[in-house]
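# Structural overview for review
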Amino acid sequence: MIVVLKPDVAAEKQERLIDWLKSLSLNVHVSTGEYQTVLGLVGDTSAVDTALLESLEIVDTVKQVSDPFKRANRKFHPENTVIDVNGVKIGGGNFCMIAGPCSVESEDQIIGIAKAVKASGAGMLRGGAFKPRTSPYDFQGLKKEGLRLLSAAKQETGLPIVTEIMNAADLPLFDDVDVLQVGARNTQNFDLLKELGTVGKPILLKRGIAGTLKELLMSAEYIMASGNENVILCERGIRTYSDYLRNTLDLSAVPMLHELTHLPVIVDPSHATGIARMVSPMALAGTACGADGLIIEVHNDPEHALCDGAQSLRPEDFDKLASKVRAVREAVI
Ligand code: PEP
Ligand code: MN
């Protein structure tokens, strides 16, 4: 249920109403907008007398929200969430490019790529240290050493770092990581999501390989219900009948998610297509349809990459793409 308050309600009256709602065993989520405040009520609202609520002098409207996701719901929080990662903003008109290799492979590799993508305008560095590979015989990532090399690249360039966490038990190793990524294979690892809800860092949550938008939003809800409201959603392609591409990039998810939620939404054209020459057109399309950012794999030597070389852009191609992304942004905003 949501309760929209009238504009300019006195703080003390608002507090009294919130205390009363809390006394009904409801969780009250307060969203303070520029003009109006919205109270999102989570829990069993059957005890609430809607007519009584509506009759209160400070209440404008009361609406039932039937969607199962509450905290992520735009109805609960009409204004866009802006996530600030060490001064780099994403969401609510702030566009951010996250770029870097699929996996961290060596100090020279990650620092070289970090410098190059920064020069091209990337706001954050990506790079996997713990890799969720389909085959147990494939490169599994440098793990702790990979995180150390990411920190070195952060120190060298100042770029905040984004990397995947697969197991909450590894959290102590991620102290210097700025954004924790939940990969498509773990989107519904609810124990992991609950743990990440207790961490004071933004979470980049990828859509599951066969996940619906509602499932993605419910996964975000798990993180938010545990106390962490800083979730960035990522459309990274879903499994369909596509035969020549790794996945199908569901770009209509972007405007639909913007309707459904206040959380930032970014697009990953690398995992969506699996083919480097498909990455730029789809990155531009993602930008045009309103994504708040892009996450793109960039490698200095794709032929010898230990993971996902076929979909990795060379730094010079990322540079060209970044200019085109800026031109598309200019054209559509
Ligand atoms: C990745 O970003 O390297 C990755 C494994 O992505 P996804 O979880 O979307 O497959
Ligand atoms: Mn990858």
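This text gives an overview of the structure that appears in the document. These numbers were taken from a predicted model, which means no experiment stands behind them.

### Focus on the coordination of the manganese ion (ligand 2)
Protein coordination at the manganese ion (ligand 2): the donors are Cys102 (SG), His271 (NE2), Glu297 (OE) and Asp308 (OD), at 2.0 to 2.4 Å from the metal. Expressed as a motif, the donor residue spacing for the manganese ion (ligand 2) is C-x168-H-x25-E-x10-D. With histidine 271 in helix α8 (residues 269-273) and glutamate 297 in strand β14 (residues 293-297), this pair connects stretches of sequence that are 26 residues apart. Since its relative accessible area comes to 9%, histidine 271 is described here as buried. For glutamate 297, a relative accessible area of 1% translates into the label buried.

### Observations concerning the environment of phenylalanine 190
Within the fold, phenylalanine 190 resides in helix α5 (residues 190-196). Counting along the chain gives 166 residues from phenylalanine 190 to leucine 24, while the straight-line C-alpha distance between them is 28 Å.

### Considering helix α1 (residues 11-23)
Helix length check: α1, at 13 residues, gives a terminal C-alpha distance of 18 Å against a target of 18 Å (1.5 Å per residue), a fit within 8%. Of the positions making up α1, those classed as buried are Gln14, Leu17, Ile18 and Leu21. Buried residues of α1, viewed axially, fall in a sector of 100°; they line one side. In α1, the exposed residues that point more than 90 degrees away from the buried face are Glu12, Arg16 and Ser23. Phi turns positive one or two residues past the end of α1, at serine 25, with a value near 65°.

### Topic: the side chain of histidine 271
A polar atom in the side chain of histidine 271 sits 2.7 Å from the side chain of aspartate 268. Residues within four places of histidine 271 in sequence aside, it is in contact with Arg126, Lys206, Arg236, Arg246, Asn247, Glu297, Asp308 and Gln311.

### Examining the site of ligand 1
The immediate surroundings of ligand 1 are formed by Cys102, Arg126, Lys131, Glu164, Gln181, Gly183, Ala184, Arg185, Lys206, Arg236, His271 and Glu297. A distance of 2.7 Å separates an oxygen atom of ligand 1 from a polar atom in the backbone of alanine 184. Here an oxygen atom of ligand 1 sits 2.7 Å away from a polar atom, N or O, in the side chain of arginine 236. Contact with the protein chains removes 97% of the 290 Å² of surface that ligand 1 exposes when unbound. Mapping ligand 1 onto the cavity grids shows that it belongs to the largest pocket. Taken together, the residues that form the shell around ligand 1 break down as two nonpolar, three polar and seven charged.

### Re the layout of surface pockets
Put simply, the largest pocket is a space of about 240 Å³. Along the wall of the largest pocket there are 18 residues; nearest its centre are Pro132, Arg185, Arg246, His271 and Asp308. Considered as a void within the structure, the second largest pocket measures approximately 160 Å³ in volume. Along its surface, the second largest pocket is lined by Val88, Lys89, Phe95, Cys96, Met97, Gly121, Gly123, Val325, Arg326, Arg329, Glu330 and Ile333. Put simply, the parts of the chain that give the lining of the second largest pocket at least two residues each are β6 (88-90), β7 (96-100) and α10 (315-332). If you tally residues by element for the lining of the second largest pocket, the top one is α10, at four residues. A breakdown of the residues in the lining of the second largest pocket according to their chemical character gives six nonpolar, two polar and four charged.

Basis of the calculations
Residues numbered from 1 in each chain as written. Chains lettered and ligands numbered in written order. Predicted model: local features only at pLDDT ≥ 70, side-chain atom pairs only at ≥ 80, totals over all residues. Heavy atoms only, no water. Donors = N, O, S within 2.8 Å, 3.2 Å for Na, K, Ca; no water. Helix = DSSP H or I, 4+ residues; strand = E, 2+ residues; numbered from the N terminus. Buried < 20%, exposed > 50% of the residue type's maximum accessible area, 1.4 Å probe, protein only. Expected span 1.5 Å × (residues − 1). Arc of directions from axis to C-beta. Polar contact = N/O pair within 3.5 Å; in protein donor to acceptor, adjacent residues only side chain to side chain. Contact = heavy atoms within 4.5 Å. Near = heavy atom within 4 Å. Areas by Shrake-Rupley, 256 points an atom, 1.4 Å probe, with all protein chains shown as cover. 1 Å grid on protein atoms, 1.4 Å probe; cavity = no way out; pocket = protein on both sides within 12 Å on 5 of 7 lines; lining within 4 Å. Sits in = over half its atoms within 2 Å of the grid points. Nonpolar A, V, L, I, M, F, W, Y, C, P; charged D, E, K, R; others polar. Points joined across faces, edges and corners; volume = space filled by probe spheres on them.

These results come straight from atomic positions and should not be treated as a statement about function.
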